[in-house]
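# Analysis of the macromolecular model
Listed here are the chains, written in short residue letters.
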Amino acid sequence: MRRFVAGIGIFLATCFLGGFLAIYFLSYQLGSLNKEVGELQAYQALIKQKNQSLLSEQKQLQATVEEKVAALSVMSDELGTIETMIGLSPAPDAALYQRLDTASQTASEKRYMLSTIPSGYPLSDAYVTSRFGMRNHPVLGRMALHGGADLRAGVGTPVYATADGVVEWAGMNDSGFGRLVKLNHNFGFTTLYGHLSKAAVSIGDYVRQGDLLGYSGNTGMSSAPHLHYEVRHLHRRLAPGPFMEWSWENYDVLFTREEKIKWDSLAKTLRKQTVAPERRWSQLAPPLTATSS
């Protein structure tokens, strides 16, 4: 009986000791887990703090972008007023034939204008999704002047030059256009091709109408893949619609819809440039006289 009672006592003592050790081990593990949870909570608080700081910085940058966009719109309006004051814009009541008599133009003059002044679409299959004018900005979420035309184009769609010119810019741009190609043309015209995924030309390259400039994308301040296309004259943004619709078959559309350019003065200058080389040489060179031998 004594041995039995002693055995039971030893067994109970062993169970108690084992339970105590198990509880101590689990308590240690629980303390370690609580410490890890505390470290994770501190790290999470740090991440939240950094996230709030980044959100605040993003709001400041967005406010700065909005201010710059508004400033550009105001500058564009002021530039238009200055142009009108100094006579760069034709009088709105001036008859069309006083600014450009298309019937008097030769075929070579028309071809030259169609190749050196932006004409046609920069995409082989073009569909305009947003036209020139005031609109609710898809990124800024407020009314703003849309200085060009948006054309539907998936990422990687080829983009072509709408006139002969030289590449002034080809690369990323900080004004919201993302990757941009900018061309300078004759007679003060400029075209811009924005939100590209890749540029196929470099600064200083000379391009002909129809040459590949790059591929459309979704870079810069853009909510979806498309091509932003602008036409400018003397740094003033013009509605690109009449220029895109301008063609040999639809030759008069540009002059009847775009009245901010002195077309008559341009045509007179063009007529001087398209004089036949033989005629120019005959006007410059002295007449040849026969000599006796």
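Here the structure is shown first, and the text comes after it.
This is a predicted model, so every value here is computed, not measured.

Cut-off values and rules
Residues numbered from 1 in each chain as written. Predicted model: local features only at pLDDT ≥ 70, side-chain atom pairs only at ≥ 80, totals over all residues. Heavy atoms only, no water. Patch = residues over 30% accessible without salt bridge, like charges linked within 9 Å, V, L, I, M, F, W, Y side chains within 5 Å. Areas by Shrake-Rupley, 256 points an atom, 1.4 Å probe, with all protein chains shown as cover. Salt bridge = Lys/Arg side-chain N within 4 Å of Asp/Glu carboxyl O. Helix = DSSP H or I, 4+ residues; strand = E, 2+ residues; numbered from the N terminus. Pairing = 2+ DSSP bridges. Core = buried A, V, L, I, M, F, W, Y, C linked by side-chain atoms within 4.5 Å. Buried < 20%, exposed > 50% of the residue type's maximum accessible area, 1.4 Å probe, protein only. Contact = heavy atoms within 4.5 Å. Polar contact = N/O pair within 3.5 Å; in protein donor to acceptor, adjacent residues only side chain to side chain. Phe/Tyr/Trp six-rings, centres within 6.5 Å; stacked < 30°, edge-to-face > 60°. Lys NZ or Arg CZ within 6 Å of the ring centre and 35° of its normal.

### Digging into a nonpolar patch on the surface
A contiguous nonpolar patch, built from M1, F4, V5, I8, F11 and L12 and spanning about 700 Å² of accessible area, is present on the exposed surface. By the secondary structure assignment, V5 is in helix 1 (residues 2–86).

### Examining the pairing of strand 10 (residues 212–216)
In this sheet, strand 10 lies alongside strand 5 (residues 158–160) in antiparallel orientation, the contact comprising three bridges. In the sheet register, P158 faces strand 10, and the bridge partner there is Y215. With three bridges joining them, strand 8 (residues 189–199) and strand 10 adopt antiparallel strand pairing. Along strand 10, the bridge assignment pairs K198 with Y215.

### Quick notes on the pairing of strand 6 (residues 165–173)
The pairing of strand 6 with strand 9 (residues 206–207) spans two bridges and is antiparallel. The partner of G165 across the bridge, within strand 9, is V207. Here seven bridges tie strand 6 to strand 7 (residues 178–184), and the two strands are oriented antiparallel to one another. Across the sheet, V166 pairs through a bridge with N184, a residue of strand 7. Counting the residues that bridge the hairpin from strand 6 to strand 7 gives four residues, and of these G176 lies at a positive phi of roughly 105°.

### Observations concerning the nonpolar core
Judged by nonpolar contacts, the single largest core of 34 residues is most densely connected at M113, F243, W246 and W263. At the level of elements, helix 3 (107–116), strand 4 (149–152), strand 7, strand 8, strand 11 (226–233), helix 4 (241–245), helix 5 (253–257) and helix 6 (263–273) are the ones that each hand at least two residues to this core. Residue contacts for W246: discarding those within four places in its chain leaves M113, L114, I117, P118, S119, G120, Y251, V253, L254 and F255.

### Thoughts on unusual backbone geometry
Backbone geometry places H195, a non-glycine residue, at a positive phi of 65°. When you line up the elements, H195 lands in strand 8. Among the residues examined, H195 registers a relative accessible area of 5% and is labelled buried.

### Quick look at the pattern of salt bridges
Taken as a whole and assessed by the stated rule, the structure comprises five salt bridges. The closest approach of N and O atoms between K182 and E168, which form a salt bridge, is 3.5 Å. Of the two residues, K182 is situated in strand 7 and E168 in strand 6; the sequence distance between them amounts to 14 residues. Note on K182: relative accessible area 18%, which makes it buried.

### Quick look at the environment of H233
You can see H233 is positioned in strand 11. Sequence spacing of H233 and K260 is 27 residues, and the spatial spacing of their C-alpha atoms is 9.0 Å. At 3.1 Å, the side chain of H233 forms a polar contact with the backbone oxygen of F187.

### Overview of the packing of aromatic side chains
Under the definition given, this model contains eight aromatic pairs. Their ring planes at 80° and their centres at 5.8 Å tell us that W246 and F255 sit as a pair that is edge-to-face. Taken as a pair, W246 and F255 share a single burial class, namely buried. The ring centre of Y251 lies 5.1 Å from the NZ or CZ of K110, which sits over that ring.

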